[in-house]
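Listed here are the chains, written in short residue letters.
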Amino acid sequence: MEFTIKYLKENDYFIIEQKSGFFEFWNHRHKITPIKDGVLIEDTIHYKNPWGLIGKTINMGIVLPKIKHMLAFKYNRLNMIFGEYKYKNEKTDKNWNFF
C-alpha cells in the first residue's frame with residue numbers, strides 16, 4: 001500500500017490518502033488541538049472496502065479490528081513517548097465511534 005499526505009493545515013490537521021493498495025478509498029484525518037498541558041489528537045478515517053457485499057462482510061470481521069488495533073497502537077505509543085494525559089474528560093477519553 002502507498003499513502004501520501006494530501007492536505008496539510010499547519011498547527012491544525014493533516015490528511016493522508018491511499019495512492020494504491022487494498023482499499024477503494026482511504027482518507028485518514030489527524031486533527032491536532034492544543035488543550036491544557038497537552039495536545040489532543042483526533043483521528044477520523046473514511047474508507048471503502050473493495051468487492052461490494054463481500055467487502056462489507058469482511059469489514060466487521062477483519063478490517064475494522066485491524067483499524068482499531070492500529071489506532072490503539074498509535075495512542076499507546078504516543079502515551080509511552082509523551083506520557084498519558086492526566087486531565088481526562090469527555091473530550092479526551094478514547095471515543096471508538098465506528099458507525
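Data block above holds the structure.
1. Here's the deal with the packing of aromatic side chains
Then step 1. Applying the stated rule across the entire model yields 6 aromatic pairs.
Then step 2. Centre to centre, the rings of F22 and W51 are 5.2 Å apart; their planes meet at 75°, and the pair counts as edge-to-face. With F22 in the loop between β2 (13–20) and β3 (25–35) and W51 in the loop between β4 (38–48) and α1 (52–82), the pair connects residues that are 29 residues apart, well separated along the chain.
Then step 3. In this structure F22 comes out as partly exposed when scored by relative accessible area, which is 30%.

2. Things to note about the pattern of salt bridges
Then step 1. Counted according to the given criterion, the structure contains 5 salt bridges.
Then step 2. Across the salt bridge formed by D12 and K31, the nearest N and O atoms sit 2.3 Å from each other. One end of the pair, D12, is in the loop between β1 (2–9) and β2; the other, K31, is in strand β3, and 19 residues separate them in sequence.
Then step 3. Shared partners join several salt bridges into a network, and the residues in it are K9, D12 and K31.

3. A look at unusual backbone geometry
Then step 1. One non-glycine residue, N11, lies in the positive phi region at around 60°.
Then step 2. Counting through the fold element by element, N11 comes out in the loop between β1 and β2.
Then step 3. A positive phi is found at D37, a non-glycine position, where the angle reads about 60°.
Then step 4. Looking at where D37 falls in the secondary structure, it is placed in the loop between β3 and β4.
Then step 5. Under the relative-accessibility criterion, D37 is labelled exposed at 57%.

4. Looking at the sheet that holds β2
Then step 1. Strand order across the open sheet formed by 4 strands is β1-β2-β3-β4, with antiparallel pairing between neighbours. The open sheet has two edge strands with one neighbour each: β1 and β4. In this sheet, adjacent strand axes meet at a mean angle of 20° when their direction is disregarded.
Then step 2. The pairing of β1 with β2 spans 7 bridges and is classified as antiparallel. Bridging across to β2, F3 finds its partner in Q18.
Then step 3. Here α1 sits on the sheet and contacts β3 and β4; the angle it forms with β4, its principal contact strand, is near 160°.

Rules used in this analysis
Residues numbered from 1 in each chain as written. Predicted model: local features only at pLDDT ≥ 70, side-chain atom pairs only at ≥ 80, totals over all residues. Heavy atoms only, no water. Phe/Tyr/Trp six-rings, centres within 6.5 Å; stacked < 30°, edge-to-face > 60°. Helix = DSSP H or I, 4+ residues; strand = E, 2+ residues; numbered from the N terminus. Buried < 20%, exposed > 50% of the residue type's maximum accessible area, 1.4 Å probe, protein only. Salt bridge = Lys/Arg side-chain N within 4 Å of Asp/Glu carboxyl O. Pairing = 2+ DSSP bridges. Axes fitted to C-alpha atoms, helices over the stretch in contact; angles between N-to-C directions. Contact = heavy atoms within 4.5 Å.

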